[in-house]
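Structural features, examined
One letter stands for each residue in the lines below.
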Amino acid sequence: MSTATVSPVSAASPVQAIVARCEALFEDLEFKSVQQWKAAVPGRKAIGYMPIYVPRELIHAAGMLPVGILGGGDALEVIQGDAYYQSYICRIPRSTIELGLTGRLNCLDGMLFPSICDVIRNLSGMWKMLFKDKYVRYIDVPQNYQDEVGGVFYMQEMQILREDLAKIAGREITDADLNASIAVYNDNRVAIADLYKYRAAEPWQAPTSEVYLLLRAGMVLPVEEHTVLVRDYLAAAKQVERTKRDNARVVINGSFCEQPPLSLIKSIEMSGCYIVDDDFMLVTRWLLDAVPTDGNPLQELSRAFLHRSASTAAKYDATREEKGVYLMKQVKTRGAEGVIFAAPSFCDPALLERPMLQDVLSKNAIPHTAFKFAENTGQMAPIREQAGTFADSIKLWNAA
Amino acid sequence: MNATVTMPVSSKRPQNVQKEDAMWQQKELINKNYMELATARANNRKVSATFVPGNLNELLMCFDFARSLPETNALQNGMRKKSGKMIMDAERDGQSEDVCTYVKADLGMMMGGEIGPTGEAMPRPDILLLSYTGCFTFMKWFELIRHKYGCETVMLHVPYQGEGHIAPNMRDYVVKQLKETVIPTLERISGVKFDIDRLRQYMRESVKAEDDLVAVLQSAKHRPSPIDGYFGSVYYIGPIFTAFRGTPEATNYYRTLRAEIEQRVREGKGPITPDGEMGEEKYRLVVEGPPNWTHFRDFWKMFYDEGAVVVASTYSKVGGLYDFGFRHDPDHPLESLAEYCLGCYTNLNLPSRVDMICKYIEEYQADGLLINSIKSCNSFSAGQLLIMREVEKRTGKPAAFIETDLVDPRYFSAANVKNRLESYFQMVKAKRGALAGTH
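Remember, predicted model here, so these are calculated numbers, not experimental data. (Residues numbered from 1 in each chain as written. Chains lettered and ligands numbered in written order. Predicted model: local features only at pLDDT ≥ 70, side-chain atom pairs only at ≥ 80, totals over all residues. Heavy atoms only, no water.)

On to the sheet that holds strand β2 (residues 66–68) of chain B, then. Residue and element names in this part refer to chain B. The 4 strands lie next to each other as β2-β1-β3-β4, forming an open sheet whose pairing is parallel. Among the strands making up the open sheet, the edge pair consists of β2 and β4 (152–157). Each strand of the sheet is rotated relative to its neighbour by a mean of 25°, with strand direction disregarded. (Pairing = 2+ DSSP bridges. Helix = DSSP H or I, 4+ residues; strand = E, 2+ residues; numbered from the N terminus. Axes fitted to C-alpha atoms, helices over the stretch in contact; angles between N-to-C directions.)

Structure follows, in structure tokens:
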């Protein structure tokens, strides 16, 4: 098994400073940065959202802070949350409820629960029952991709959200507000696309344990600040020479909702894999290109969703031929040599999707391996061994 | 096309199971559908598959499809003790142990030569109508079937009632999909042109059966209840939730059933069980969650042996909330189909589900709530512990929680379930005693 490790950068380097800041934000389960943002200007509001995708532009246009809620991770002791769920249900809803019941989400004025699976869907109703003073909305997204059918429905759903947020904000959200917010998020998407491109080109320079933290920072920071942070990291990362290893280049698939512990990502890297693409926090990369800023903003957001968005297990593939196309594109464009399916235990969408994607990969002779995790998985040795063996086998096959 | 389908010979009635006449009639209907599926190719009929919640049976009949419902195939295989092997075969083929066992039983059945529950061959569907009501797994299920067997899918995305009501844009969206996607696809696959008057005619027939079904379900308000609203209801909902809604056979069945049940009310009788007439009615329960199918009879026996009757259940509403007033409307056929899909039980948000259960407890004078939590079904199960607390708080009636699975025999622990039920009945009795003491 390979024993390659990610090269450290010096403690004083700008990269390290940025990563340290992101890590502090990641570890802050009290959401102090959100509290501080709200406290800076009286009357500010923050709206939480769960994976996979919500049109954050609407929240931003209302002058509010969108806050990505991705469960409690491995640092949160779940006590009350477990009393709400049977053992066979994934961990993210129970740790999210724990965050809510312990007051850690008091800084949020509302929560959005996107259409992703039955568990998160039902959590929207639970939130309504448990937190009666908060704004709660289930965000349905279309599984019909015709502009005049699914597109119209989605625009209507966005319009309802727009009106609700306007009521909370106490002011109208104009088309100009929305177009300005779309522009801000377009800029963020460009920055993240650059980051992903750079990581794929030189993964030893931008390890995923750092890229991941950068993305997590984007869940709590104002988008403008996050864009600057991503660009600062890119600039700083390019200034540091890190050791290039003979690692296997892999894509991670299945981690689009409940998040793996950071130590799991580090373990995959330490085992001899460079992660060159993934589906962590897809909200940041859901829309695949720039959304026009000079049209009807809801229509443009709708068109982008219907025709130019990422693919994942929670989204219907209208034909058999489309299955796995997005993943294969990730593999090809990133120059990946294999795919690691890392899905949370009891995640219906990821685990039901997996056999189909595995089949597509097998037919294209792309090596793959699979394991499950929970956000509080503690034992990394088996994962290191499996990922390491996978990396070694890729190297052996390539050499043969 | 008018396919002539020979009625199957009725299976011989086994001596050790007691059923009402309507139950035998129901069994014949279900067998008839399997026979129609088995002979579909010979009769030059196209085959559709679609899911029970929000199924568009009347619409599919407009195109002369033989109609398969994968959940009922899985549950029938479960009741016949065939599902365990199918599930393990699907797991060996790469399906996770964590996911829905209906899906795995269906995939396992297809892998095992596509032999249906009654032993007849199940034809591969020509179209998978993905009426996506109340369950995300449905989407993956049909994608999996499509991926493995090349069947075409057509999606009907039914929005969730996240806000506890059906908004006009939700209804419009479903109607638009019917007009622009679903109906043209069904026309293309079947070669039959859509005739809205034919749809209206089927819907007129549906309404008759729906009225009679509601009378049957609401008969449980009597003391003693003449029916079991969970185990018995499984038989009652079978035809209307599957391939028979809108047919004269279903109308006849529900007319017969209603007459039988009304006769039982007049005679002051309780439900009939597989072991005969139920004894004294000691406990009246509301049940949330689907039943276990692999040990269905053993499970039911644990109730009637203790004198427990289920007076209302949420499972018997997965195929429509008729008892809350919904009827198919021949004057507005597509809008009515949309309302039907949107209104099924698992498409309701949790506060609505709590309201419904509380209403049942009150209107059916139930002693409490029992939740059968199903490992396979997150649509039902996620949030049930909060439902339980909320219902207890609002009604003051005791609630209990048991865990089983749909069709995976590995997840039915008879001793555990029985212990929990016995403790629960003791709790109900104690609560009654305490209440009596305070008055």
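All names here are of chain B. Here we have 4 strands laid out as an open sheet, ordered β8-β7-β9-β10, and parallel in their pairing. Two strands close off the open sheet at either side, each with one partner strand: β8 (308–313) and β10 (399–404). Pairwise comparison of adjacent strand axes, ignoring direction, gives a mean angle of 35° for this sheet. As paired strands, strand β7 (residues 283–288) and β8 are joined by 5 bridges and run parallel to one another. Note that in β8 the partner of V286 across the bridge is A312. Together, β7, β8, β9 (368–374) and β10 form the strand contacts of helix α11 (residues 296–304), whose direction differs from that of β8 by roughly 110°. Docked against the sheet, helix α13 (residues 350–363) engages β7, β8 and β9, running at close to 165° with respect to β7. (Contact = heavy atoms within 4.5 Å.)

In this structure the tally under the stated criterion is 65 salt bridges over all chains. When the shortest N-O distance is used, the salt bridge between D305(B) and K301(B) registers 3.3 Å. The exposure class assigned to D305(B) is partly exposed, which follows from its relative accessible area of 48%. Taken together, the shared-partner salt bridges in this structure form one network comprising D317(A), K323(A), E353(A), K140(B) and E143(B). (Salt bridge = Lys/Arg side-chain N within 4 Å of Asp/Glu carboxyl O. Buried < 20%, exposed > 50% of the residue type's maximum accessible area, 1.4 Å probe, protein only.)

Residues and elements named next belong to chain B. Burial of strand β3 (residues 127–132) is extensive: 6 of the 6 residues sit out of reach of the surface. Because side chains alternate across β3, one face comprises the buried residues I127, L129 and S131, and the other comprises L128, L130 and Y132, equally buried. In this sheet, β3 lies alongside strand β1 (residues 47–50) in parallel orientation, the contact comprising 3 bridges. Looking at the pairing, T50 lines up with L129 of β3. A crossover links β3 with its parallel partner β4, the connecting element being helix α6 (residues 137–149), and its sense is right-handed. (Right-handed = clockwise from strand over helix to strand, strands pointing away.)

In this section: the side chain of D98(B). Note on placement: D98(B) falls in the loop between α4 (83–92) and α5 (101–111). Here the side chain of D98(B) touches K372(A) through a polar contact of 2.9 Å, side chain to side chain. Sequence-distant contacts of D98(B), that is, excluding residues within four places in its chain, are made with S345(A), F346(A), D348(A), L351(A), K372(A), K104(B) and K375(B). (Polar contact = N/O pair within 3.5 Å; in protein donor to acceptor, adjacent residues only side chain to side chain.)

The next point concerns the nonpolar core. Grouped together as the largest cluster of nonpolar side chains are 279 residues, with contacts concentrated most on I340(A), L59(B), Y102(B), Y236(B), F303(B) and Y315(B). Counting residues per element, this core draws most heavily on helix α7 (residues 168–190) of chain B, at 9 residues. In this structure, A200(A), V251(A), Y274(A) and V339(A) belong to the second largest nonpolar core, which totals 15 residues. (Core = buried A, V, L, I, M, F, W, Y, C linked by side-chain atoms within 4.5 Å.)

Our next topic: the interface of chain A and chain B. On the chain B side, the residues contacting the 58 residues of chain A number 57 residues. Taken over both partners, the interface formed by chain A and chain B buries close to 5,000 Å², and the fraction arising from carbon and sulfur atoms is 56%. Where chain A touches chain B, the interface holds 6 salt bridges. For K372(A), the salt bridge is made with D98(B), and the minimal N-O distance between the two is 2.9 Å. Where chain A meets chain B, there are 35 residue pairs in polar contact (both at pLDDT 80 or more). When residues of the side of chain A that touches chain B are traced back to their parent elements, those giving at least two are α5 (118–130), β4 (135–139), α6 (147–169) and α13 (348–363) of chain A. Classifying every residue of the side of chain A that touches chain B by side-chain character gives 30 nonpolar, 12 polar and 16 charged. (Buried area = accessible area lost by both parts, 1.4 Å probe. Nonpolar A, V, L, I, M, F, W, Y, C, P; charged D, E, K, R; others polar.)

Here the focus is the side chain of S83(B). Turning to its location among the elements, S83(B) is positioned in helix α4. Excluding residues within four positions of it along the chain, S83(B) makes contact with N77(B), G78(B), A105(B), T294(B), V407(B) and P409(B).

Our focus in this paragraph is the packing of aromatic side chains. Summed over the entire model, instances satisfying the criterion amount to 41 aromatic pairs over all chains. With 4.9 Å between their ring centres and 45° between their planes, Y154(A) and F305(A) make a pair best called tilted. You can see Y154(A) sitting in helix α6 and its partner F305(A) sitting in helix α11 (residues 297–307), a full 151 residues away along the chain. Residue classification places Y154(A) among the buried positions, given a relative accessible area of 0%. What makes F305(A) buried here is its relative accessible area of 2%. Ring geometry for Y235(B) against F296(B): centres 6.4 Å apart, planes inclined by 75°, an arrangement best described as edge-to-face. One end of the pair, Y235(B), is in helix α9 (residues 231–241); the other, F296(B), is in helix α11, with 61 residues separating them in the sequence. By the burial criterion, Y235(B) is buried, and F296(B) matches it. (Phe/Tyr/Trp six-rings, centres within 6.5 Å; stacked < 30°, edge-to-face > 60°.)

With that settled, consider the confidence of the model for chain B. Residues and elements named next belong to chain B. Mean pLDDT for chain B: 93, with 95% of residues reaching 70 or above. Confidence drops under pLDDT 50 across residues 1–12; counting only partners more than four residues distant or on other chains, this segment forms 16 contacts. Scoring the predicted complex yields pTM 0.95 and, for the interface, ipTM 0.95. (pLDDT = per-residue confidence, 0-100.)

Moving on: helix α10 (residues 248–266) of chain B. All names here are of chain B. Relative to the 27 Å expected for 19 residues at 1.5 Å per residue, α10 spans 27 Å between its end C-alpha atoms, a close match to the ideal helical length. Looking at α10, one finds that the buried residues are A250, T251, Y253, Y254, L257, E260, I261 and R264. On the buried face of α10, the contacting elements are α1 (21–38), α8 (196–218), α9, β5 (272–273) and β6 (276–277). (Expected span 1.5 Å × (residues − 1).)

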